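So you can see what is in the structure, the chains are spelled out below.
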Amino acid sequence: MFRHAASLLGLALLTAAGSVAAQDAPYRVGWPDAAVIAGGGVLALLPIPLHLPSGTAPCAPCDPAGLWSVDRIAVHLPDRTADRASTLLLLGVGGAAGLGTIWGEPRDRAVADAVVFTDAVVWAATANQWLKVAVHRSRPILYTSEAPAAANIRDNRESFPSGHAELAFAAATAYAVIARRRHLPHATRNAILLYTGAAIVSALRVTAGKHFPTDVLGGALLGSAVSWTVATVHP
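Residues numbered from 1 in each chain as written. Predicted model: local features only at pLDDT ≥ 70, side-chain atom pairs only at ≥ 80, totals over all residues. Heavy atoms only, no water.

*Asks:* Before we go on, may I ask you to explain helix H3 (residues 80–102) in this structure?
*Replies:* One turn of the α-helix equals 3.6 residues, which is why residues spaced by three or four share an orientation. Compared with the 33 Å implied by 1.5 Å per residue over 23 residues, the 34 Å span of H3 between its first and last C-alpha is a close match. By the burial criterion, the buried members of H3 are Ala 82, Ser 86, Leu 90, Val 93, Ala 97, Gly 98 and Thr 101. Where the residues of H3 are buried, they touch helix H4 (107–135), helix H6 (163–182) and helix H7 (187–207). A side-chain oxygen of the first residue of H3 lies 3.1 Å from the backbone nitrogen of Thr 81; this N-cap is Asp 79. Following H3 by one or two positions, Gly 104 has its phi on the positive side, about 75°. (Helix = DSSP H or I, 4+ residues; strand = E, 2+ residues; numbered from the N terminus. Expected span 1.5 Å × (residues − 1). Buried < 20%, exposed > 50% of the residue type's maximum accessible area, 1.4 Å probe, protein only. Contact = heavy atoms within 4.5 Å. Polar contact = N/O pair within 3.5 Å; in protein donor to acceptor, adjacent residues only side chain to side chain.)

In structure tokens form, the structure reads like this:
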């Protein structure tokens, strides 16, 4: 019995060691990754030449009474300062996350990590663009006094999900997965900082009057899910 238990323990330790080794193994990347990233980029941009989403706004102005109560806090005139701040912070979160995945690594491994990071963010952007087309949700501005002038702008019918929130959380998640694989020092601290920055980006989108709270929540969940999947299943 004891020999049997020892054998099971040894097998468990070998399995655990194999799991750690698999986590430490560098990503395998090549020309197919370039094709995948390029394809994702083309798909993300495709709605622009296709003029999607098509059609007109369902209302201008729309009635806030039809919104969930939590979304009504976003119904106000646009705040351009908060809009610019959210974009600048998004660039900061994305840049810091990307730099963190390659900092201090040998060239080959840094390139592999950068490719997977880019792959994750690009496909998060692609999912975001096509979900916007499918949902075709009006932005908060179409619930304000500026709705008549804004009704014919196609971008104002692309509220769900928030692209800023999705890309920020996608970048933070890609960093978190890659940093865990590499057992980076301060990985937990850095991931917390990146997720905090992504949360602030999301809050600023609501403050700017560009998105409803449910838009940024949907973007955060979708971006995290797509990015985690890509960075986890990549060979």
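*Asks:* In this structure, what is going on with the nonpolar core? I would like to understand it.
*Replies:* Considering soluble globular proteins, one finds that nonpolar side chains tend to be buried as a cluster. In this structure, Tyr 27, Ala 97, Phe 117, Ala 168, Tyr 175 and Leu 194 are the most contacted members of the largest nonpolar core, which totals 30 residues. At the level of elements, H3, H4, H6, H7 and helix H8 (213–233) are the ones that each hand at least two residues to this core. In terms of residue count, H6 provides more of this core than any other element does, 10 residues in total. Membership of the second largest hydrophobic core comes to 14 residues, among which are Cys 62, Leu 67, Tyr 143 and Phe 212. (Core = buried A, V, L, I, M, F, W, Y, C linked by side-chain atoms within 4.5 Å.)

*Asks:* For this particular structure, what's the right way to read the environment of Asp 83?
*Replies:* Assignment of secondary structure puts Asp 83 in helix H3. C-alpha separation for the pair Asp 83 and Val 201, spaced 118 residues apart in sequence, amounts to 9.4 Å. Contact partners of Asp 83, with chain neighbours within four places excluded, come to Arg 205, Ala 208 and Lys 210. In this structure the side chain of Asp 83 is engaged in a polar contact, spanning 2.7 Å, whose partner is the side chain of Arg 205.

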